[in-house]
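Listed below, chain by chain, are the residues.
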Amino acid sequence: MALYDSKDTVLYLAQFDVTDYTTSAGLSSGRNMHDATVFGKSGAVFHPGTETSTVSWSGLYDDTATTGSEALMSTLKGESSSSVVSFYPATDAVGKQMYSSDGGWIIDNATDASVGSMVLMSGTINLDVATRSKALGTKATVTASASGTAVDDSSSSSNGGSYVYHIFALSAVGGNARWNLNLEHSADNLSWDAVASATVTASDGIGAAKTAFTGTLNRYVRQRIVLDASSGSLTAAMNYSRT
């Protein structure tokens, strides 16, 4: 039995790490079932519909410009496109179970104040689908190319999958002034090839994305971050899923 304390819970919304503000976060998922009962049936008949997932969030109110909880919740609520959400209920250590989505919409937020209490915020985030995924490592800052610790999934799969990255800080100077974020796989934990990759430049700045890939994903999986510049710094976190 593996039990966890919620002090290790992690939540990323797009390019924001909201963990330090969060006091409560929960993920719920449900499936819409359409009533397809017709005359003559002795019991109800249902037809499965779409999945609906929701993250309920509560946290401390901070009005620091651009980086406080008030600013980031207001910014994301005003977006015209969906946000990438990664929720790590237990811990973001390598290989740990978590959930990701690129269809996150903040549909409401609220600020609450009462005597004798901290000022708090809360919000609801609707997701298209919360994909069961695995962490590729804790959020970290690197200044040179680096390979992550391998995740052993026991066997390979053949139906592709997806990988997610969140970039919280980025700089790249000289050369091509960019970073390459690779999802690599291996059959033997010795020879590695990229199965999916993304390139982010200094001008791209912070952000997040979820990318799907097809084909075989071998047994062992890791992240590989490559600096393609004379110097730079990258603070990021990645995760992946198999289909």
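Relevant structure appears above.
Residues numbered from 1 in each chain as written. Predicted model: local features only at pLDDT ≥ 70, side-chain atom pairs only at ≥ 80, totals over all residues. Heavy atoms only, no water.

In terms of regular secondary structure, the chain is built from one helix and 17 strands. Reported as C-alpha extents along the three principal axes, the dimensions of the chain are approximately 70 × 50 × 40 Å. Counting the 243 residues in the chain, one finds 39% classified as buried. Of all intrachain contacts in the chain linking residues separated by at least 6 positions in sequence, the fraction that spans at least 24 positions is 73%. In the form shown here, the chain has an accessible surface area of approximately 12,200 Å², with 48% of it arising from carbon and sulfur atoms. Averaged over its 14 positive side-chain charges, the chain has a centre that lies 9 Å from the centre of its 22 negative ones. (Helix = DSSP H or I, 4+ residues; strand = E, 2+ residues; numbered from the N terminus. Buried < 20%, exposed > 50% of the residue type's maximum accessible area, 1.4 Å probe, protein only. Contact = heavy atoms within 4.5 Å. Areas by Shrake-Rupley, 256 points an atom, 1.4 Å probe, with all protein chains shown as cover. Lys, Arg positive; Asp, Glu negative; His and termini not counted. Charge placed at Lys NZ, Arg CZ, Asp CG, Glu CD.)

Attention now moves to the pairing of strand β12 (residues 161-173). Judged by how many residues are buried, β12 sits mostly within the fold: 10 of 13 residues are covered. Note: β12 against strand β17 (residues 231-242), 12 bridges, orientation antiparallel. The residue bridging Ala172 from the neighbouring strand is Gly232, located in β17. (Pairing = 2+ DSSP bridges.)

With that out of the way, let us pick up the packing of aromatic side chains. Counted according to the given criterion, the structure contains three aromatic pairs. The interplanar angle of 70° and the centroid separation of 5.5 Å between the aromatic rings of Tyr12 and Tyr88 together place this pair among those described as edge-to-face. Here Tyr88 lies in strand β5 (residues 83-88) and Tyr12 lies in strand β1 (residues 10-13), a separation of 76 residues in the sequence. Considered together, Tyr12 and Tyr88 belong to a single accessibility category, that of buried residues. (Phe/Tyr/Trp six-rings, centres within 6.5 Å; stacked < 30°, edge-to-face > 60°.)

Everything listed here is a matter of geometry and, on its own, says nothing about what the molecule does.
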